[in-house]
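Here is what each chain is made of, one letter per residue.
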Amino acid sequence: MELVVPARFCGPPESGNGGWTSGHLARQVRTTPELTAVTVRLRTPPPLDRPMTVREVPGEGVVDGAVELVDGDHLVAQAWPDRGPGRDAVPGPVPFEVAVAAGERFEGLDDHPFPTCFSCGTGRVAGDGLRLRPGRLEEDEAYACAWVPDAGVDVETVWAALDCPGGWASGIAGRAMVLGTMTAQVDDLPVAGAPHVVMAWQRGSEGRKHLSGTALYAADGRLLAQAEATWIAVDPTTVRPAGATR
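So, here's what we can say about the structure. (Residues numbered from 1 in each chain as written. Predicted model: local features only at pLDDT ≥ 70, side-chain atom pairs only at ≥ 80, totals over all residues. Heavy atoms only, no water.)

1. Examining the environment of Asp71
Put simply, the rule reads: Strands are runs of DSSP state E lasting at least two residues, helices are runs of H or I lasting at least four, and both sets are numbered from the N terminus onward. Between buried and exposed lies partly exposed: a residue is buried under 20% and exposed over 50% of the maximum accessible area for its type, with that area taken using a 1.4 Å probe on protein chains only.
Position of Asp71 relative to the elements: it lies in strand 4 (residues 67-71). Residue class for Asp71 comes out buried when judged on its relative accessible area of 4%. C-alpha separation for the pair Asp71 and Thr53, spaced 18 residues apart in sequence, amounts to 6.5 Å.

Put into structure tokens, the structure is as follows:
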């Protein structure tokens, strides 16, 4: 089958938002009662407005249900069912008002590596992007973000909401990073028009790799979805789809 990332769902100007693209591909993965989450590994920046091919990954040792996304001769991403992120170390939510206040400390307001980003871009208008403003909490190192989903919120939107807050918690300010791998489990979709909170925290780093965790909570404190991600530090001027010159 074919998969397209519309230009509206970009991260950097010429490639797809990592979270939205990963969520879109995750829909094609067959999960099981034991493997209820999906892991997506992005191999190259996803192109925009170009049909790509989704195909099953055959072969010995491959997780059943794994798929890959290809753009011509270029491998864009791989996805497979997973056990999901651990829930023992997930911080609880802060009140919605606290998350709103944290947004005033959003570092992207002063310097954003990708202001076009569907998830957290400062150059997006209301109703176009999510316009998330993850900011560090005053009492600890975790980040919080207030979110009121628009009508039509779907799995891809939730993956996008779980995406960028983790990057900011991992230190994307002053050091551009892109999503490398993301494992997410979405138990319930958020309610459009209702207040929600996204929590984000750093899980460590090694060289150019930075690890994050994120969690989406409803107003009543229910955990709706969570994710773990690996971010890769990059030169933002070089982020281009592998087939961009074709």
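2. Details of the side chain of Thr181
Counted only if it meets this: Contacts described as polar in this section are N or O atom pairs within 3.5 Å, which, within protein, must combine one atom able to donate a hydrogen with one able to accept it, while residues neighboring in sequence count only if both atoms come from side chains. The criterion used for residue contact is that any of the two residues' heavy atoms lie within 4.5 Å.
Its place among the elements puts Thr181 in strand 8 (residues 177-186). By relative accessible area, which is 17% here, Thr181 ends up buried. Separated by 3.5 Å, the side chains of Thr181 and Arg41 make a polar contact. Non-local contacts of Thr181, meaning those with residues more than four positions away in its chain, are made with Thr39, Val40, Arg41, Glu228, Ala229 and Thr230.

3. Some details on the packing of aromatic side chains
As a reminder, the rule being used: Stacked, edge-to-face and tilted labels apply to pairs of Phe, Tyr and Trp rings (six-membered ring for Trp) whose centres lie within 6.5 Å, assigned for plane angles under 30 degrees, over 60, and everything in between, in that order.
By the definition in use, this model includes three aromatic pairs. Ring plane angle 75° and centroid distance 4.9 Å describe the contact between Phe9 and Phe118, whose orientation is recorded as edge-to-face. Of the two residues, Phe9 is situated in the loop between strand 1 (2-3) and helix 1 (18-26) and Phe118 in the loop between helix 2 (96-103) and strand 6 (135-136); the sequence distance between them amounts to 109 residues. Here the two residues Phe9 and Phe118 agree in accessibility, since each one is buried. Pairing Phe106 with Trp168 gives two aromatic rings, centres 4.9 Å apart and planes at 75°, and the pair type is edge-to-face. Pair noted here: Phe106 is in the loop between helix 2 and strand 6 and Trp168 is in helix 3 (residues 155-169), with a separation of 62 residues, a long-range link.

4. Brief notes about the packing of helix 1 against helix 3
Axis angle and axis distance: for two packed helices, these are the angle between their axes and the distance between the axes, and together they describe the pair. Put simply, the rule reads: Only the stretch in contact is used when fitting a helix axis, every axis being a line fitted to C-alpha atoms; angles between N-to-C directions are given from 0 to 180 degrees. Under this scheme an angle from 65 to 115 degrees is roughly perpendicular, one under 35 degrees roughly parallel, and one over 145 degrees roughly antiparallel; angles in between are oblique. Rotating anticlockwise by less than a right angle from the far helix to the near helix defines a left-handed crossing, while the corresponding clockwise rotation defines a right-handed one. Each residue is assigned to one of three groups, with Ala, Val, Leu, Ile, Met, Phe, Trp, Tyr, Cys and Pro labelled nonpolar, Asp, Glu, Lys and Arg labelled charged, and all others, Gly among them, labelled polar.
Running from N to C, helix 1 and helix 3 cross one another at 140°; their axes reach a closest spacing of 7 Å. Between helix 1 and helix 3, the crossing angle belongs to the class labelled oblique. For the pair helix 1 and helix 3, the sense of crossing is right-handed. Here helix 1 contributes Gly18, Gly19, Trp20, Ser22, Gly23, His24 and Ala26 to the contact with helix 3, which in turn contributes Val155, Glu156, Thr157, Trp159, Ala160 and Asp163. Looking at the contact of helix 1 with helix 3 residue by residue, the class counts come to five nonpolar, six polar and two charged.

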